[in-house]
Structures are given as structure tokens and as C-alpha cells.
Amino acid sequence: MLLSCGKKLLLPVVCLVLFILTFNLYATNKIRFVKAYGKKYVYLRDVANYYGMKCYVWKGMVTLSSKYSKLLFYPQKKDCTVNGVKVYLSYAPFVKGNDCFISSTDFLKTIDPIMRRGALTKHSLRTIMIDPGHGGKDDGGKGTYTKEKYMTLQIGRRVGKMLQQKGYRVVITRNSDRYLTLAQRTELARKYKADLFISIHTNIAANKAVDGIETFCLAPAGTASTSSSKAVWTKYSGNCYDKNNMNIAYQVQSALIRRTKADDRGVKRSRFFVVKNAPCPAILIECGFLSNRLEEKKLRSSWYQNLLAKSIVEGVLRYNSRIVGAR
Ligand SMILES: [Zn+2]
């Protein structure tokens, strides 16, 4: 009798202790907001506290660091570095007095989804749609020896095969040199109930010295894409997955840069048709430049295509481990 009474008391006491602990945690990890330039910003110092990191300013750079992670912010510049990977913010951070601020949108939709799995929406990851860009009458970019539509198909097939070997159900938007509209591609993702959409492309630039890899995900509503300065307020279907979009883009870009050692052009924001209209988290990868002689040579080789595919699969697996554990 005494024992059961003790048990009855135990639960409320444990709840009370948990409540006090949680309350204290929130009290010490409070993130303050300020209004500036017509937007909400947060103190980077508070963001550091929130993640249990130290924050210091050195050589005009703001560093947040812990045993596990290191974030670098550059006042007045949109690109920041998260554990060695370049990530573009929607707004440049600014300094006032001894404090540095980032926009609350960037905290909530760029930094937090990378740093904290609890920020992500939990979902099952079974069907993955691979979308080799262009095809048929649409060549895409042209290199000296090849065309984008051939490269994307070769890389896409390798990614698909490797994902299948990992047990995923893979659907490919095109498995031959045929033309598909962009709307047909997202429609296929809808039809096959894809849980993740990966569009594969290669790049070209007028400057032939430019090389490297970049991964795009959808810009949140109310922000500008990385290549523009004009905010767009329309909320697309892809905006339902803002946080997960950022995490999958980051995991894939991170694995690609670590494995290929290619120039890191960063995780960028866009409003490409396929990422804004996808019925699930979506990214678009620019695997390299066909206009760069050396990179074109690598992109045409099977060892490099395999390396790219392996990296993309590693990114997917890392994303998968985070959404399973998301709370
Ligand atoms: Zn393309």
C-alpha cells in the first residue's frame, strides 16, 4: 500500500522537476528579437547560447563554436559557413555595438534546420524521385565534348541504382534521352507519391575558369533567391517543407564537397520550377561546370560520376537519419 502510494506521488514529482528544468533551460536560452530594416533579427550571442556554443568576434568575423560545430558569419555578407560548408543566408548579418544579428527567418529556416534535428518535420522516406535535368530537344548546357542532358542522365542513373541498393524505392523522371516539361516532372513526383525529389543538373558559365558544385533549395516566402535582391511573397507548395528542404540541401552539399573536394559554391536559395512545385522536400544539384575544361573531363568519367552519386546517397542517408530521429 505504501509502495503504491509512493508510486502515485512519484509521477507528479518527476513532472514538476522536469517542468522546472525545462523552464530554466528556456529562461537561460532565450533568444531576443530586435527590429531592424523592417525585419526581425536575433542576437547571434543568444543563438550561440541556445546551441551551447561560444560566440566571439575576430578579424571582422563572428564565430560560434562548440566541441561539435563551428559556424562563421561575416557581417554585411550573405554567405556563412556551417561546419566548413558554405550556406547562403536570405539576409546579410549586421553588427551594432558589440553584438551581431541575423534575421529571424535565417535563424528559423536556415541555421536551426541544419543544427537541430528537432526543427525538422518527421516523415517516412521510402520513395525517392530522381530527376535528370533536360533531355530530348532540350540539350541543357553544352560543353566542348558533351551536353548537360547526357551528363544528368548518367549521374541520375547511378544515384538511382545506389539508392535502390540501400533499399529505397526509386522512380526516375526520364531514363532515356527524351523531353519532359518541368510540370510533367513534378506531376510524376505527385503520381508516385515521392517522399523526396532530387533534380540533377550540370552548369555552364561564360568565365571558363569557374568550377564547383552548388545545391539549391526553395527560398522561403518573403525572401529573395540567392541570385536576386527582390523578395517574393508567394507561398508555393514546396514552402511547406522549408526546414526539411534546407537540411537535405545541406547534407547533400556537405557530402559532395567533402568527397569530391570540388570548389564549394554553397547551399543556395532559388525558385526553380521543380523545387517550388514539388509535393515533397526537394533539391536541385548543379554537379559541376561543363564550360570548365577540367571539370567537364571529370564529369564525363565514370569514376567521378560514381563519386558524385555516392556523395548524393550519403547526403540522403544523413538526412534520413535526422528525420527519423526528429522530435
Ligand atoms: Zn540544367
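As a convention, each chain's residues are numbered from 1 in the sequence order in which they are written. Local features in this predicted model are restricted to residues whose pLDDT is 70 or higher, and side-chain atom pairs enter the listing and the counts only when it is 80 or higher, whereas totals over whole chains, interfaces and linings include all residues. Where side-chain values are given, they derive from all heavy atoms of the structure, hydrogens and water being excluded.

Trainee: I tried to follow the packing of helix α8 (residues 293-300) against helix α9 (residues 302-324) on my own but got confused; where do I start?
Mentor: To describe two helices that pack against each other, one gives the angle between their axes and the distance between the axes. One way to put it is that α8 packs onto α9 with a least axis distance of 5 Å and a crossing angle of 80 degrees. Judged by the angle between their axes, α8 and α9 are roughly perpendicular. Contacts between α8 and α9 pair Glu295, Lys298, Leu299 and Arg300 from the former with Ser302, Trp303, Tyr304, Gln305 and Leu308 from the latter. Of the residues assigned to the contact of α8 with α9, the class counts are four nonpolar, two polar and three charged. Angles run from 0 to 180 degrees between N-to-C directions of axes, and those axes are lines fitted to C-alpha atoms, restricted for helices to the stretch in contact. In this text, helices come from DSSP runs of H or I with a minimum length of four residues, and strands from runs of E with a minimum of two, each type numbered from the N-terminal end. Oblique is the label for every angle not falling under 35 degrees (roughly parallel), over 145 degrees (roughly antiparallel), or within 65 to 115 degrees (roughly perpendicular). The criterion used for residue contact is that any of the two residues' heavy atoms lie within 4.5 Å. Here the term charged refers only to Asp, Glu, Lys and Arg, the term nonpolar to Ala, Val, Leu, Ile, Met, Phe, Trp, Tyr, Cys and Pro, and the term polar to all other amino acids, Gly among them.

Trainee: Please explain the environment of Lys86 as it appears in this structure.
Mentor: Summarising the element assignment, Lys86 is placed in strand β7 (residues 85-88). Expressed as a C-alpha distance, the spacing of Lys86 and Trp303, which sit 217 residues apart in the sequence, is 25 Å.

Trainee: What exactly am I supposed to notice about the coordination of the zinc ion here?
Mentor: Tetrahedral coordination by four donors places them ideally at 109.5 degrees to one another around the metal; octahedral coordination by six donors ideally gives 90 or 180 degrees. Distances from the zinc ion to its protein donors, namely His134 (NE2), Glu148 (OE) and His201 (ND1), fall within the range 2.1 to 2.2 Å. Look at where the donors of the zinc ion fall in the sequence and you get H-x13-E-x52-H. Within this pair, whereas His134 is found in the loop between β10 (127-132) and α4 (148-165), its partner His201 is found in strand β12 (residues 196-203), the two being separated by 67 residues in sequence. Each residue is placed in one exposure class: buried if its accessible area under a 1.4 Å probe, protein chains only, is under 20% of its type's maximum, exposed if it is over 50%, and partly exposed if it falls in between. Under the relative-accessibility criterion, His134 is labelled buried at 18%. Ligating atoms shown are N, O and S within 2.8 Å of the metal, or 3.2 Å for Na, K and Ca, and water is not included, meaning a site may look less than complete.

Trainee: Can you help me understand the sheet that holds strand β9 (residues 99-103) in this one?
Mentor: Each strand in a sheet pairs with its neighbour through backbone hydrogen bonds, running either in the same direction (parallel) or in the opposite one (antiparallel). Pairing between strands is defined by DSSP: at least two bridges between the two strands are required. Strand order in the open sheet formed by four strands is β1-β2-β9-β8, with antiparallel pairing between adjacent strands. Each having just a single partner strand, β1 (33-36) and β8 (94-96) make up the two edges of the open sheet. On average, adjacent strands in this sheet sit at an angle of 40 degrees to one another, irrespective of strand direction. Pairing of β1 with strand β2 (residues 39-43), which is carried by four bridges, proceeds in the antiparallel orientation. Within the sheet, the bridge partner assigned to Val34 lies in β2 and is Tyr41. Against the sheet, helix α3 (residues 104-115) engages β1, β2 and β9, with an angle of about 65 degrees to β9.

Trainee: Before we go on, may I ask you to explain the environment of Ala209 in this structure?
Mentor: Mapped onto the fold, Ala209 is located in the loop between β12 and β13 (213-218). By relative accessible area, Ala209 is classed as exposed at 58%. Taking the C-alpha atoms as reference, Ala209 lies 9.8 Å from Glu295; in sequence the two are 86 residues apart.

Trainee: I'm lost on the side chain of Ser311 in this one. Help?
Mentor: Inspection of the secondary structure assignment puts Ser311 in helix α9. Assessed through its relative accessible area of 0%, Ser311 is described here as buried. Apart from the residues within four sequence positions on either side, Ser311 is in contact with Ala255, Leu256, Arg259 and Thr260.

Trainee: Before we go on, may I ask you to explain the packing of aromatic side chains in this structure?
Mentor: For any pair of aromatic rings, the description rests on two quantities: the centre-to-centre distance and the angle between the ring planes. Working definition: rings of Phe, Tyr and Trp (its six-membered ring) pair if their centres are within 6.5 Å, and the pair is stacked with planes under 30 degrees apart, edge-to-face with planes over 60 apart, and tilted otherwise. Applying the stated rule across the entire model yields 10 aromatic pairs. Aromatic pair Tyr50 and Phe107: ring centres 5.9 Å apart, planes at 80 degrees, arrangement edge-to-face. Here Phe107 lies in helix α3 and Tyr50 lies in helix α2 (residues 44-50), a separation of 57 residues in the sequence. We classify Tyr50 as partly exposed; its relative accessible area is 27%. Using a relative accessible area of 6% as the deciding quantity, one classes Phe107 as buried. An aromatic cluster of at least three residues, connected via ring pairs, comprises Tyr37, Tyr41, Tyr43, Phe94 and Phe101. Should the NZ of a Lys or the CZ of an Arg lie within 6 Å of a ring centre and within 35 degrees of the ring normal, that charge is described as sitting over the ring. In this arrangement the basic side chain of Arg32 is found over the ring face of Tyr43, its NZ or CZ atom lying 3.9 Å from the centre. The residue whose ring lies beneath Lys137 is Tyr179, and the NZ or CZ to ring-centre distance is 4.4 Å.

Trainee: Please clarify how empty space enclosed by the protein should be interpreted in this entry.
Mentor: Over the atoms, a rolled probe matching the size of one water molecule traces out where space is still vacant. Put plainly, a pocket is an open set of points on a 1 Å grid over the protein atoms alone with protein on both sides within 12 Å along at least five of seven lines, a cavity is a set where a 1.4 Å probe fits but cannot get out, and a lining residue has an atom within 4 Å of a point. Grid points are joined across faces, edges and corners, and a volume is the space filled by probe spheres set on the points. This structure, assessed with the given rule, holds one cavity of 30 Å³ or more. In this structure, the largest cavity occupies an estimated 40 Å³ of space. Forming the boundary of the largest cavity are Leu44, Arg45, Cys55, Val57, Val62, Asn98, Asp99 and Cys100. Elements represented by at least two residues in the lining of the largest cavity include exactly α2, β3 (54-58) and β9. Of the residues in the lining of the largest cavity, the class split is five nonpolar, one polar and two charged.

Trainee: Explanation requested: the pairing of β2 in the structure shown.
Mentor: Remark: a regular strand shows side chains that alternate across the two faces of the sheet. Taking the residues between adjacent antiparallel strands as the criterion, β1 and β2 are bridged by two residues, where Tyr37 takes a positive phi near 50 degrees. Summarising the sheet, β2 and β9 pair through three bridges and their orientation is antiparallel. Along β9, the bridge assignment pairs Val42 with Ile102.

Shape descriptors only; they carry no functional weight alone.
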